[in-house]
Amino acid sequence: MICIKILRCENMSPWLGFPPGRGALDIINKREGPRPEDVRAKRLISENAATIRKLADQISGGGYSAMQNRQKQEAPRPDGLVLHDMGGAAKALEPEPYVRISLNGRVVLTCRRTGRQIQLLGEIRHGFPAGTFRIATAERGYLSPVADEMLGAIGELDGCEIGSAMPEADLAAELERRLGLG
């Protein structure tokens, strides 16, 4: 790596052989390999490893050596495989679905236990004087349209007005009733 440093010293320029108003240019090359102070520090640590270990045990009450022994006792890993054990196997929970209407108007069938979306049912398109509920179908360009059996159950609600006559909470309750959730 080359580091270039430009010095602009009006008073020093003539002494360095530059015309007045011009700066001097210093080029500093970085040395290859480790710095001498790093080499000395590594050597000092390796020569005094036994004393450092003894002090670490004294400070931690023997915890440092115990940690080192635990690491040595771990079973060797098979070559070429990377294993990640993030705990026991997760229980396969039966989803507990409910209808959620988000702030942006998406009407979603969601699992109450995990909070994950199960199925997009549609969306509320806001307009004047009231919004309308639109079911997610393939004809409308949705990538995961509502299944035919669900469409048969909630199809009558497509295009219903959302407002003072039917608030969003009532729409969610009616969808849950028609889907047999509540």
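This section reports on the structure supplied with the text. From a predicted model like this one, the values you see are computed outputs, not experimental measurements.

Topic: the pattern of salt bridges
Scanning all chains against the criterion turns up ten salt bridges. We note a salt bridge from Arg-125 to Glu-123, for which the minimum N-O separation is 2.6 Å. Here Arg-178 makes a salt bridge to Glu-156, at a shortest N to O gap of 3.2 Å. Of the two residues, Arg-178 sits in helix 6 (residues 168-179) while Glu-156 sits in the loop between helix 5 (148-154) and strand 7 (161-162), which places them 22 residues apart along the sequence. Note on Glu-156: relative accessible area 68%, which makes it exposed. In the salt-bridge network here, residues are joined through shared partners; they are Glu-156, Glu-174, Arg-177 and Arg-178.

Notes on the sheet that holds strand 6 (residues 131-135)
Read from one edge of the open sheet, five strands run 3-4-5-6-7, paired in antiparallel fashion. Only two strands of the sheet have a single partner each, and these edge strands are strand 3 (97-101) and strand 7. Judged from the five bridges that link them, strand 3 and strand 4 (residues 106-111) form a sheet pairing that is antiparallel. By the bridge assignment for strand 4, Ile-101 is matched with Val-107.

Quick word on the side chain of Thr-110
Tracing the chain through its elements places Thr-110 in strand 4. Judged by relative accessible area, which is 0%, Thr-110 ranks as buried. Look past the residues within four positions of Thr-110 in its chain and what remains in contact with it is Glu-96, Pro-97, Tyr-98, Arg-100, Gly-115, Arg-116, Gln-117 and Ile-118.

Observations concerning the nonpolar core
Counting 22 residues, the largest nonpolar core has Val-107, Leu-121, Phe-133, Leu-171 and Leu-175 as the members making the most contacts within it. Going through the elements one at a time, strand 3, strand 4, strand 5 (117-125), strand 6, helix 5 and helix 6 are the ones with two or more residues in this core. Contacts of Leu-171, omitting those with residues within four sequence positions, involve Ile-101, Ile-124, Phe-133, Leu-157, Cys-160, Ile-162 and Met-166.

The rules behind each value
Residues numbered from 1 in each chain as written. Predicted model: local features only at pLDDT ≥ 70, side-chain atom pairs only at ≥ 80, totals over all residues. Heavy atoms only, no water. Salt bridge = Lys/Arg side-chain N within 4 Å of Asp/Glu carboxyl O. Helix = DSSP H or I, 4+ residues; strand = E, 2+ residues; numbered from the N terminus. Buried < 20%, exposed > 50% of the residue type's maximum accessible area, 1.4 Å probe, protein only. Pairing = 2+ DSSP bridges. Contact = heavy atoms within 4.5 Å. Core = buried A, V, L, I, M, F, W, Y, C linked by side-chain atoms within 4.5 Å.

This is a description of form; function is not addressed.
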